[in-house]
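A look at the structure
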Amino acid sequence: MAASAPSLRELETKGYRFTNSTVATSGSATASVLSGSGKLHSVTVNEADVSGTIAIYDGTDSTGTLIASITGGTAVNTTLIYDVRVATGIFASFTAFTGNVTWSYIES
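A brief look at the structure comes next.

What follows covers the sheet that holds strand β1 (residues 17-24). In any sheet, the strands associate via hydrogen bonds between backbone groups, in a parallel or an antiparallel arrangement. Read from one edge to the other, the open sheet built from 4 strands follows the order β1-β8-β3-β6, with strand pairing classed as antiparallel. Each edge of the open sheet carries a strand with a single partner, namely β1 and β6 (78-86). On average, each strand axis in the sheet is inclined to that of its neighbour by 20°, with strand direction left out of account. Direction of pairing for strand β3 (residues 38-48) relative to β6: antiparallel, over a ladder of 7 bridges. Following the sheet pairing, Lys39 is matched in β6 by Arg85.

By size, the foremost hydrophobic cluster in this structure holds 20 residues, and its most contacted members are Ile54, Ile56, Ile90, Phe94 and Trp103. Apart from the residues within four sequence positions on either side, Ile90 is in contact with Ala31, Ser32, Val33, Leu34, Leu40, Ile56, Tyr57, Gly59 and Tyr105.

Our focus in this paragraph is the sheet that holds strand β7 (residues 89-95). If you walk across this open sheet you meet the 4 strands as β2-β7-β4-β5, and the pairing is antiparallel. Looking at the sheet topology across the chains shown, the edges are occupied by β2 (28-35) and β5 (65-71). Ignoring which end each strand starts from, the neighbouring axes of this sheet average 15° apart. The pairing of strand β4 (residues 53-58) with β7 spans 6 bridges and is antiparallel. By the bridge assignment, Thr53 is partnered in β7 with Thr95.

Right, let's talk about the environment of Ser26 for a bit. Its place among the elements puts Ser26 in the loop between β1 and β2. Note: C-alpha distance between Ser26 and Thr98 (72 residues apart in sequence) is 7.9 Å.

In terms of residue burial, β3 counts as a mostly covered element, since 8 of its 11 residues are buried. Across 9 bridges, the pairing between β3 and strand β8 (residues 98-107) is antiparallel. Among the inter-strand pairings, Gly38 is bridged to a residue of β8, identified as Glu107.

Conventions adopted
Residues numbered from 1 in each chain as written. Predicted model: local features only at pLDDT ≥ 70, side-chain atom pairs only at ≥ 80, totals over all residues. Heavy atoms only, no water. Pairing = 2+ DSSP bridges. Helix = DSSP H or I, 4+ residues; strand = E, 2+ residues; numbered from the N terminus. Axes fitted to C-alpha atoms, helices over the stretch in contact; angles between N-to-C directions. Core = buried A, V, L, I, M, F, W, Y, C linked by side-chain atoms within 4.5 Å. Buried < 20%, exposed > 50% of the residue type's maximum accessible area, 1.4 Å probe, protein only. Contact = heavy atoms within 4.5 Å.

Below, the structure is given as structure tokens:
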């Protein structure tokens, strides 16, 4: 019998980790935030230009399941709470984005 995945409550007892992404691109850029299962707690857009976007996936690349799409300029100084379980990882794709983002997550 396969072991079951930990509940969100069990994950939360491990404590949150964070990482920061600073991106400046007129084209596209990517960031692997978490490799493996866990929980995406929040995304804080610290700085951003008005036109760029961030696509967030449950996966190791942009073929994963889309969790959210954020327009950079509209989310400046905002923390977006997701509290979603990810099975494969947290991957971000930035398009025409210049800014700084903080990711808060828990590893399984």
